[in-house]
2 protein chains.
Amino acid sequence: MTQNSATPAFILHTPQLGENIGAAARVMGNFGLPELVVVDPRDGWPNDKAVTMSAGSPVLGNARVEYRLGDAIHDTTRLYATTARPRGMEKPVMTAREAVSDMKAAIEAGEKVAVMFGGEKSGLPNEAVNMADVIITLPVDRSFSSLNLAQAVAVIAYEWTAGEGAPAEFEPVSDVAKREDLERMFEHFETELERAGFFHPPSKTPLMVQNLRNAFIRGRWTEQEVRTFRGAVKALTLGRGKARIVRED
Amino acid sequence: MTQNSATPAFILHTPQLGENIGAAARVMGNFGLPELVVVDPRDGWPNDKAVTMSAGSPVLGNARVEYRLGDAIHDTTRLYATTARPRGMEKPVMTAREAVSDMKAAIEAGEKVAVMFGGEKSGLPNEAVNMADVIITLPVDRSFSSLNLAQAVAVIAYEWTAGEGAPAEFEPVSDVAKREDLERMFEHFETELERAGFFHPPSKTPLMVQNLRNAFIRGRWTEQEVRTFRGAVKALTLGRGKARIVRED
């Protein structure tokens, strides 16, 4: 296993305003969080307004820019989504404080941790929230709940630094599969299900796919488990008696 | 004694940028803090940029503007100063969390509480810090300590609300499948894997079975998820195109 960082990466998903990216980089610098990933910024990259608002934060210069969320989280093993509205998903919902404790325990256990923040207009899309292990909600007033992107970053960054030590409640899973491995497993499984005519009616395919993925994500499978399951799918699709040949590929 | 508010007032002392005043008003609205006082804003009042950045926060429209700090705090009985650099004064220095507890106790006791934030350029002047009962310091990185004004407001506003009783720390999964349903799912899956020649060498079968089961159990699947997965296995084992018939069984 490679050496993972001692801090969570913060991922800004399709941010619109350079000002907010810069402000996020600034407050991350204030609270000692060096790793910023920007996914598909609306106004391109580099961004002058981001530079201005970062007030010289070294976090901005070191930011990584990706154009697909999958690339941003390819080596993440524990992923948090910040959203004001948990959408009735079967995922743990934590306060920022609880989430920070959870992150610290996960990092302690060798995991690669990332926190996603949605864009200004509509927050994180369901597809992104679905990929998360944990939902973080902030205690905003229901009558005025729209938190500025950089302010949401400020709160989590502050909690990271202010937070007390990690509690023992986290059950570490060693060698949790990276998101890219999980993604490939999903694609493999879904492709075979598609071929088998499983998704019926077609209009329900996205929902069925999402429900299946959620179920798997929740289990926090290890690399070995992902390999095993992929072997299982292969065996089933090849039919009786032929699996052994393939497993020797 | 007049009826005092149940929340602290936030005082921005000689802020420069309307954007920061608006952002402060916005995040105060997010976290349920209605009382904003602006002392001698550099660019006058009202301020269009403040309006834009407030995103419609009612806190901005209700803000009180004063031109002397003394007028801003005239009815305050307990005053907090936020500063990154306690200047060796003989005052209690608290973290944001400690200060929020202190504020709540003070308000409970009938006090009128206010928190001061300094302007962008140089923070609170010594004269203002001197007037405070308590200094609040945020845990910023010494090498990059300059926190944006609205971000400092965000952190204290967040602490005010987060400091309330902790919500349930784990969102329970509804309709977690009974163990007997899970057991049947395992047997189904394993039977098909056995038929497909997946378990090889046979001596390793018990271990492979156990590892697969552990992975599934950890996800705490719902009844619906169990049904879906069983449908998926059925589809795969029946091969392409035939699944639909079986799913109508």
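If you're wondering where the values come from, they're calculated on a predicted model, not measured in any experiment.

Student: Please provide a residue-by-residue account of helix 7 (residues 149-162) of chain A, values included.
Tutor: All names here are of chain A. The end-to-end C-alpha distance of helix 7 is 20 Å, a good match for the 20 Å that 14 residues give at a rise of 1.5 Å each. Judged by how many residues are buried, helix 7 sits mostly within the fold: 12 of 14 residues are covered. Within helix 7, the full set of buried residues consists of Leu-149, Ala-150, Gln-151, Ala-152, Val-153, Ala-154, Val-155, Ile-156, Ala-157, Tyr-158, Glu-159 and Trp-160. Residue Asn-148 occupies the N-cap position of helix 7, its side-chain oxygen lying 2.8 Å from the main-chain nitrogen of Ala-150.

Student: I'd love a proper account of unusual backbone geometry, names of residues and values included.
Tutor: Residue and element names in this part refer to chain A. The amide bond that connects His-200 to the next residue, Pro-201, takes the cis arrangement and shows omega of -5 degrees. Relative to the assigned elements, Pro-201 resides in the loop between helix 8 (179-195) and helix 9 (205-218). Positive phi outside glycine occurs at Thr-14, with the angle close to 45 degrees. By the secondary structure assignment, Thr-14 is in the loop between strand 1 (9-13) and helix 1 (18-30). Since its relative accessible area comes to 31%, Thr-14 is described here as partly exposed. Of note, Asp-40 is a non-glycine position whose phi angle comes to about 50 degrees, a positive value.

Student: Report on the sheet that holds strand 1 of chain A, specifying residues and quantitative values.
Tutor: The seven strands lie next to each other as 3-2-1-6-4-7-5 (chain A), forming an open sheet whose pairing is parallel. Every other strand in the sheet has two partners, leaving strand 3 (64-66) and strand 5 (93-94) of chain A as the edge strands with one partner each.

Student: I'd like a rundown of the packing of aromatic side chains, residues and numbers included.
Tutor: All names here are of chain A. One pass over the structure, following the stated rule, counts 24 aromatic pairs over all chains. Consider the rings of Phe-198 and Phe-199, whose centres lie 5.3 Å apart with planes at 65 degrees: the pair is edge-to-face. The exposure classification of Phe-198 matches that of Phe-199, with both residues buried. Residues Phe-216 and Phe-229 carry aromatic rings whose centres are separated by 5.1 Å and whose planes lie at 50 degrees to one another, so their mutual orientation is tilted. Placement of the pair is Phe-216 in helix 9 and Phe-229 in helix 10 (residues 223-238), with a sequence separation of 13 residues. Assessed through its relative accessible area of 1%, Phe-229 is described here as buried. Its guanidinium or amino end placed over the ring of Trp-160, Lys-104 lies 4.8 Å from that ring's centre, counting from NZ or CZ.

Rules behind the numbers
Numbering of residues begins from 1 in every chain and follows the order in which that chain's sequence is written. Each chain is given a letter, starting from A, and each ligand a number, starting from 1, according to the order in which they appear as written. It should be noted that, the model being predicted, local features are given only for residues of pLDDT at least 70 and side-chain atom pairs only at 80 or more, the latter also being counted only at that level, while totals for whole chains, interfaces and linings use all residues. Side-chain measures here rest on the full set of heavy atoms in the structure, leaving out hydrogens and waters. For helices the rule is a DSSP run of H or I covering at least 4 residues; for strands it is a run of E covering at least 2, with both sets numbered from the N terminus onward. To estimate how far a helix should reach, multiply one less than its number of residues by 1.5 Å. Throughout, exposure labels follow a simple rule: accessible area from a 1.4 Å probe, protein chains only, divided by the maximum for the residue type, with under 20% read as buried, over 50% as exposed, and the rest as partly exposed. The definition of a polar contact used here is a pair of N or O atoms within 3.5 Å, where within protein one atom must be able to donate a hydrogen and the other to accept one, and adjacent residues in sequence count solely through side-chain atom pairs. A pair of strands is treated as paired once DSSP finds two or more bridges between them. Each pair of aromatic rings taken from Phe, Tyr and Trp, with Trp reduced to its six-membered ring, is defined by centres within 6.5 Å and is described as stacked if the planes are under 30 degrees apart, edge-to-face if over 60, and tilted in the remaining cases. Two conditions define a charge located above a ring, namely a distance within 6 Å from the ring centre to NZ of Lys or CZ of Arg, and an angle within 35 degrees of the ring normal.

Structural measurements only, silent on function.
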